[in-house]
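These are the residues of each chain, in order.
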Amino acid sequence: MNDTPPAAAILSVADLHVRYGGSHVLQGVTFDVPATGVTALLGRNGVGKTTTLKAIIGLAPRTGRITLRGNEIQSQRTSRIVRGGIGYVPEDREVFGGLTVDENLRLVDPDRGVDAPVVAKLFPDLVGRGDQQAGTLSGGQQQMVSLARVLLRRNDLLLIDEPTKGLAPKLVTEVADVLAEVARTTPLLLVEQNLPLVRRIADQVVVIDAGRVVHHGDAAALVADPALTRELLGVSMRRKGAA
Ligand SMILES: Nc1ncnc2c1ncn2[C@@H]1O[C@H](COP(=O)(O)OP(=O)(O)OP(=O)(O)O)[C@@H](O)[C@H]1O
């Protein structure tokens, strides 16, 4: 049993609702994200994990209360929330394929491209690719550009949506290494279906089902319990790739 008290919350989500037309996707989602480590947001396909991240960052129509370091942000626009310290890496990577890697990075800050120290530290493979068109990169390399872009800013919290989706096992491991390194200094709220990766880097899990949080607790304990993972997520550890 770990007697360490839980870290204070950096983000609190309370009674979060999202409706798309007649579809009531989130029906009172409530959870905290501790100020350190990795919190994995899990759930079956289509339960609203991406919608939860979008609602936090202001890209989905929401009601409820969302606080960052105790300050309410639920009525703020996305640009203000980002300036307030939340970084967001969307699921579809969204690199600009017609721009070079360096230009993609300089969209965030014109003064910092592939020569930024964080790129050399975390994404050495990108250093020599500054002039390559981002659209010609592999999926894993595009994911690195997407992560690097958000890490050029100082963030108090990062929301990262399925960073390993569609990647080969070796690249999943590389992305996991980067996320583990980033999490040493910045708390992460991570949507991720790869349970070995969750087991490796997540501290806490929040599981959503039918529009609500149905489980909240220690990541290792959930992943170590095959009956519970099957019940909550409908998956068995064996079907998922390595991290
Ligand atoms: N813009 C939208 N308009 C209408 N319905 C939407 C919209 N975005 C998402 N939905 C619906 O909301 C529900 C939740 O979608 P969401 O993408 O948040 O799920 P998810 O848990 O991230 O899924 P997955 O694991 O498959 O990525 C789905 O039924 C989806 O079809």
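- As named in an unreviewed UniProt entry, the protein chain is Amino acid/amide ABC transporter ATP-binding protein 2 (HAAT family), taken from Humibacillus xanthopallidus.
- Entered under Sequence similarities (unreviewed entry) in the UniProt record, the comment concerning the protein chain runs "Belongs to the ABC transporter superfamily."

## Structural notes on the pairing of strand β2 (residues 23–34)
- Looking at chain direction, strand β1 (residues 9–20) and β2 are connected through nine bridges and run antiparallel. Among the inter-strand pairings, Arg-19 is bridged to a residue of β2, identified as His-24.
- From the end of β1 to the start of β2, which pair antiparallel, there are two residues, and Gly-21 there has a positive phi angle of about 55°.

## Things to note about the UniProt feature "domain: ABC transporter" (unreviewed entry) in the protein chain
- UniProt feature "domain: ABC transporter" (unreviewed entry): in the numbering of this structure it lies at residues 11–235.
- Split by type, residues 11–235 is 35% helix and 28% strand. Its first and last C-alpha atoms lie 28 Å apart.

## What about the site of the ligand?
- In the vicinity of the ligand, the contacting residues are Tyr-20, Ser-23, Val-25, Gly-43, Asn-45, Gly-46, Val-47, Gly-48, Lys-49, Thr-50 and Thr-51.
- If you list the elements that add at least two residues to the shell around the ligand, you get β2 and α1 (49–57).

## Remarks on the nonpolar core
- If you look at the biggest cluster of nonpolar residues, it comprises 66 residues, and the most contacted ones within it are Ala-40, Ala-148, Leu-190 and Val-205.
- The leading source of residues in this core is helix α6 (residues 139–151), at six residues.
- Residue contacts for Val-205: discarding those within four places in its chain leaves Ala-40, Leu-42, Val-198, His-215, Gly-217, Ala-219 and Leu-222.

## Details of the sheet that holds strand β4 (residues 62–68)
- Pairing within the open sheet is antiparallel, and its four strands lie in the order β2-β1-β4-β5. With partners counted over all chains shown, the strands left at the sheet margins are β2 and β5 (71–72), one partner each.
- Running over the sheet, α1 touches β1, β2 and β4 and is turned about 70° from β2.

## Some thoughts on the pairing of strand β9 (residues 204–209)
- Among the six residues that make up β9, five are buried, leaving the element largely enclosed by the rest of the structure.
- Where strand β3 (residues 38–42) lies against β9, four bridges are found, and the strand directions are parallel. Looking at the pairing, Leu-41 lines up with Val-206 of β9.
- As defined by bridge partners, β9 adjoins strand β10 (residues 212–218) across six bridges and the pair is classed as antiparallel. Looking at the pairing, Asp-209 lines up with Arg-212 of β10.
- Linkage of β9 to β10, two consecutive antiparallel strands, is achieved through a turn of two residues, within which Ala-210 is found at a positive phi near 50°.

## Quick look at the environment of Arg-80
- Along the chain, Arg-80 turns up in helix α2 (residues 78–83).
- Counting along the chain gives 77 residues from Arg-80 to Leu-157, while the straight-line C-alpha distance between them is 14 Å.

## Re the sheet that holds strand β7 (residues 157–161)
- Spatially, six strands are ordered β6-β7-β8-β3-β9-β10 in an open sheet, and the strand pairing comes out mixed. Only two strands of the sheet have a single neighbouring strand rather than two, namely β6 (86–89) and β10. Put simply, the sheet's adjacent strands are angled 15° from each other on average, direction ignored.
- The pairing of β3 with strand β8 (residues 188–191) spans four bridges and is parallel. Its bridge partner being in β8, Ala-40 is matched across the sheet by Leu-190.

## Observations regarding unusual backbone geometry
- Within the chain, Asp-15 stands out as a residue other than glycine whose phi angle is a positive 55°.
- Here Asp-15 lies in strand β1.
- Note on Asp-15: 13 C-beta atoms within 10 Å, which makes it partly exposed.
- Phi at Glu-162 takes a positive value of approximately 40°, unusual for a residue other than glycine.
- Counting through the fold element by element, Glu-162 comes out in the loop between β7 and α7 (169–182).

The rules behind these values
- Residues numbered from 1 in each chain as written.
- Predicted model: local features only at pLDDT ≥ 70, side-chain atom pairs only at ≥ 80, totals over all residues.
- UniProt positions renumbered as here; feature names shortened; annotations may be inferred.
- Pairing = 2+ DSSP bridges.
- Helix = DSSP H or I, 4+ residues; strand = E, 2+ residues; numbered from the N terminus.
- Near = placed C-beta within 6 Å.
- Core = buried A, V, L, I, M, F, W, Y, C linked by C-beta atoms within 7 Å.
- Buried ≥ 20, exposed ≤ 12 C-beta atoms within 10 Å, placed from the backbone.
- Contact = placed C-beta atoms within 7 Å.
- Axes fitted to C-alpha atoms, helices over the stretch in contact; angles between N-to-C directions.

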